[in-house]
Amino acid sequence: MNSDLITVNKLSKSYPSRQGKISVLYEIDLLIKKFEMTAIVGVSGSGKTTLLNLLGCLDRPDSGKIFYGSEEVTTLSNMELADYRNRHVGFVFQRFHLIPDLFSVENVLLPLRIAGISGTETMERAAKVLKDVDLEDKLWSKPSELSAGQMQRVAIARAIVNSPRVLLADEPTGNLDSSTANEIANLLENLTAREMAVVVATHNLELARRCAKCYELKNGRLQETNP
Amino acid sequence: MKRKRTLIQWAPLALTIPAKYLLPKRGNLLFFAISFATLFSAFICTAVALLALAATNGADIKISEKLSGIDSHVLVFPSDQYQTYMSGFQKLTPKLKEVPEIVAISPFLVCEAQLQSSVHDAKPLPATLKGIIAEQEISATNLVDYIEQGNLLSFLEKSKTELPILLGAGLAQNLNLSIDDELLIVRPELFNGEIRKFPTKIAGIFRTGIGLDYHLAYIPLDQAQLIAGVGDSTVTGIGIKGKDLLKADQLAMKVKKELGDKYRIEDWKSINPNVLGGISLLRNVSIILLYGVYLLVLVCLSCILLLVLHEKRRDIAVLLTLGMKPFHVQRAFAFLGLLIGVTGIAFAFLVSPIVIWVFNEYKIFALPPEVLMIDYVHFALELKHFLMVGLSELFLLILVGLLTTIGVYRLKPMVILRDE
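Notes on the structure in this doc start here. (Residues numbered from 1 in each chain as written. Chains lettered and ligands numbered in written order. Predicted model: local features only at pLDDT ≥ 70, side-chain atom pairs only at ≥ 80, totals over all residues. Heavy atoms only, no water.)

## Describing the overall build of chain A
The condition that has to hold: A run of DSSP states H or I qualifies as a helix once it reaches four residues; a run of E qualifies as a strand once it reaches two. Both are numbered from the N-terminal end. Buried means the residue's accessible area, taken with a 1.4 Å probe over protein chains only, is under 20% of the maximum for its type, while exposed means over 50%, and partly exposed covers the values in between. Two residues form a contact once any of their heavy atoms are found within 4.5 Å.
Check the secondary structure of chain A and you find seven helices and ten strands. The burial tally for chain A puts 57% of its 227 residues in the buried class. For chain A, contacts bridging at least 24 residues in sequence account for 71% of all contacts bridging at least 6.

Shown next as structure tokens:
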């Protein structure tokens, strides 16, 4: 069975600035495999978030290609990319970014509703995923009523409720104390058992060490490293 | 688990997310207050728009009724304007019956005379006598509605045995006469060396509220023909009542086509161009005001949508990362504006008819009738006004909602989520 999930070929991305174009990523090659957790490390501004943006189909590269399996996603239209994102990519952020007006369970069932699923199935699936992250008693809590660790769990539940192929986590432990960060790291690690690839952009070397592979972004280039 | 269901699992996100933002709660009170202010302005503006349209329409109807009140919608005269009478009017009746929009016809003969009280020592006053066939005049005009004393029935009864007359209220007042008083119709020309006088009795007094009251009087057509010294097939013209007062000009064209060039056709609109021009101006000003008012609501709404887009841009970024299409996000936030606007409009639609009923019932806005022909501002609200206001506001709300939220397409979700 081919375990290659995301293949990145010579990916480049630059942003315009007053001094001209700033190259953030330069001809990057990367392979992400199923059942694996991959870490992207690097100093602030090294381009970790930009790389996650591109992997998550939220931005387009200047050049290079991204394949999900055998399907090239860089050529998809914006509408197709939105669909793709909904079905195959989950996002987790440093600051959780739950919608404060919605209950935990409502936050979690959003991706299902966006995918066009409605009715009791959405509730059952959202409740089950929240149970998987040990939050079965917090279904009807607003984000403001949750601790930081619980909010990140809800965010992870929201990211995986649609059973995506890849989970992209941008500094998932950045706002957490070490004990909670460890719990979240365990949770992310366990997700790889669901045929899911997990890519984390992090400064947390402890988390990076738990990943099967670790890459460092430096001067726009990506190189494998040992944290 | 305290609750089993949530609206979001069933209803479209485009409805549920904006609805969540509208609820008053801690941290959301400013947004709620501004939303409520916008909703209230939409309510006021829509109500004002409906009132303005109803008032214009009411003035249109009332003044039109006044102008055409005791006249027919369309009048047929001889084509030569110097020709006082037309003969053989009976032969026109079958032709006029060919026009389906005609409801009734009524021949009439107009002649000048003087009226002199026979019970008081009053001076004779000039008057315009209009000879009518009462049964037909009832069908072709609204004369019945303007009779203040007496009635057309007694006029009809008396015409069999004597010469009855219906006097304008101003004329009766100047002659110092009232119902059942006797008077003389005096024809100023000599007949066999004598001035002819016709004794008559007042069968009724009418009041139109306009100048006609001071010089017009009705008598039976056959008597008018006798007084004018013409034959029984001679009249001044024929009055026609159509199905729709406001379409009298169209009916006039059809009648002209049917009767040909031998006859001059006039309708009440062509006879009163200045007043109708005034009403038309009033209507146009109302419509300009209406759109001015809309503009105000739309500016308010744009402001609130820009505010909510800015306030909720993190939520929007989250929705985009979850795979929601920018168009759907735009639709959801445009719907938020629509929800506020439509709620205001709906309240206005409910309240305006009640306010209008009160205004009409208690004649709140009194007017000097001698100046404007109507004694109070009459509001006439019709279904078309709801449709006109509702549909145009709906269209503008959707347009403004979509235009204001177009910025959604330019959002960079990950940049927002990283920076916030």
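## What about the interface of chain B and chain A?
For clarity, the threshold we go by: Buried area is understood as the total, over both parts, of accessible area removed when two parts are fitted together, assessed with a 1.4 Å probe. A pairing counts as a salt bridge when a side-chain nitrogen of Lys or Arg comes within 4 Å of a carboxyl oxygen of Asp or Glu. In protein, a polar contact means a hydrogen-donor-capable atom and an acceptor-capable atom, both N or O and within 3.5 Å, with residues adjacent in sequence counting only if both atoms are side-chain atoms; elsewhere, any N or O pair within 3.5 Å suffices. Asp, Glu, Lys and Arg are counted as charged, while Ala, Val, Leu, Ile, Met, Phe, Trp, Tyr, Cys and Pro are counted as nonpolar; the rest, among them Gly, fall into the polar class.
Contact residues are listed per partner, giving 34 residues for chain B and 34 residues for chain A. At the boundary of chain B with chain A, total buried surface from both sides reaches about 3,200 Å², with 64% on carbon and sulfur atoms. Three residues stand out in chain B for area buried against chain A, namely B:Gln9, B:Leu322 and B:Met414, and they jointly supply 22% of the buried area on that side. The interface formed by chain B and chain A includes two salt bridges. For A:Asp83, the salt bridge goes to B:Lys325, with nearest N and O atoms at 2.6 Å. Our count for the chain B to chain A interface comes out at ten residue pairs in polar contact (both at pLDDT 80 or more). Secondary-structure elements contributing two or more residues to the side of chain B that touches chain A are helix H1 (13–22), helix H12 (313–321) and helix H16 (413–419) of chain B. Per-element accounting of the side of chain B that touches chain A gives the leading share, six residues, to H12(B). Among the residues forming the side of chain B that touches chain A, the class breakdown is 16 nonpolar, four polar and 14 charged.

## Observations regarding the pattern of salt bridges
All told, the structure shown has 16 salt bridges over all chains when counted by the stated rule. A salt bridge links B:Arg207 to B:Glu148, with the nearest nitrogen and oxygen atoms 2.5 Å apart. Here B:Arg207, found in the loop between strand S8 (194–206) and strand S9 (216–220), pairs with B:Glu148, found in strand S5 (residues 147–150); they are 59 residues apart in sequence, far enough to count as distant. Note that B:Glu382 and B:Lys384 form a salt bridge whose closest N and O atoms lie 3.6 Å from each other. On the accessibility criterion, B:Glu382 (30% relative accessible area) is partly exposed. What emerges from the salt-bridge pattern is a single network uniting A:Lys128, A:Asp132 and A:Arg194.

## Focus: the sheet that holds strand S2 (residues 20–33) of chain A
Residues and elements named next belong to chain A. Quick reminder of the rule: The pairing criterion for strands is at least two bridges between them, as found by DSSP. The axes are straight lines fitted to the C-alpha atoms, using for helices just the contacting stretch, and the angles between their N-to-C directions are given from 0 to 180°.
Spatially, S2-S1-S4-S5 is the arrangement adopted by the four strands of the open sheet, whose pairing is antiparallel. Looking at the sheet topology across the chains shown, the edges are occupied by S2 and strand S5 (71–72). When strand S1 (residues 4–17) meets S2, the two strands line up antiparallel, connected through ten bridges. Bridge assignment links proline 16 to a residue of S2, and that residue is lysine 21. In this fold helix H1 (residues 48–55) packs onto S1, S2 and strand S4 (63–68), with an angle of close to 125 degrees to the strand it touches most, S1.

## Quick word on the side chain of B:Lys130
All names here are of chain B. Examined against the element boundaries, lysine 130 turns out to sit in strand S4 (residues 125–132). Of the polar contacts made by the side chain of lysine 130, one reaches the side chain of aspartate 71; its length is 3.3 Å. The contacts of lysine 130, once residues within four sequence positions are left out, are Ile70, Asp71, Phe108, Leu109, Val110, Glu137, Leu216, Ala217, Tyr218 and Ile219.

## Some remarks on the sheet that holds strand S10 (residues 221–224) of chain A
Residue and element names in this part refer to chain A. Reading across the sheet, the six strands line up as S6-S7-S8-S3-S9-S10 and stay open at both edges, with mixed pairing between neighbours. Where the open sheet ends on each side, the last strands, each with one partner, are strand S6 (89–93) and S10. Taken over all neighbouring pairs, the strand axes of this sheet differ in orientation by 20 degrees on average, direction set aside. As paired strands, strand S9 (residues 213–218) and S10 are joined by four bridges and run antiparallel to one another. Residue leucine 217 lies in a different strand from S10, and its bridge partner there is leucine 222.

## What to know about the packing of aromatic side chains
Aromatic rings considered in pairs are described by the distance between their centres and by the relative angle of their planes. To keep it simple, the criterion reads: Any pair of Phe, Tyr and Trp rings, taking the six-membered ring for Trp, is counted once the centres come within 6.5 Å. Such a pair is stacked with planes under 30 degrees apart, edge-to-face with planes over 60 apart, and tilted for the rest. In this scheme, Lys NZ or Arg CZ marks a charge over a ring once it lies within 6 Å of the ring centre and within 35 degrees of the ring normal.
Tallied over the entire structure, the rule returns twelve aromatic pairs over all chains. Between A:Tyr68 and A:Tyr84, the ring centres sit 5.1 Å apart and the planes meet at 80 degrees, which makes this aromatic pair edge-to-face. Placement of the pair is A:Tyr68 in strand S4 and A:Tyr84 in helix H2 (residues 78–88), with a sequence separation of 16 residues. Just as A:Tyr68 is buried, A:Tyr84 falls in that class too. Residues B:Trp357 and B:Tyr362 carry aromatic rings whose centres are separated by 6.5 Å and whose planes lie at 90 degrees to one another, so their mutual orientation is edge-to-face. In this structure, A:Lys142 packs its charged tip against the face of A:Phe103, placed 4.8 Å from the ring centre. Residue placement shows B:Lys130 over the ring face of B:Phe108; its charged tip is 4.7 Å from the ring centre.

## Points about helix H8 (residues 221–228) of chain B
Across the eight residues of H8(B), six count as buried, placing the element largely inside the fold. What H8(B) keeps buried is the set B:Leu221, B:Gln223, B:Ala224, B:Gln225, B:Ile227 and B:Ala228.

## A short note on the environment of B:Arg196
All names here are of chain B. Within the element layout of this structure, arginine 196 appears in strand S8. Along the primary structure arginine 196 and isoleucine 185 are separated by eleven residues, whereas in three dimensions their C-alpha atoms are 8.2 Å apart. Separated by 2.5 Å, the side chain of arginine 196 and the backbone oxygen of isoleucine 227 make a polar contact.

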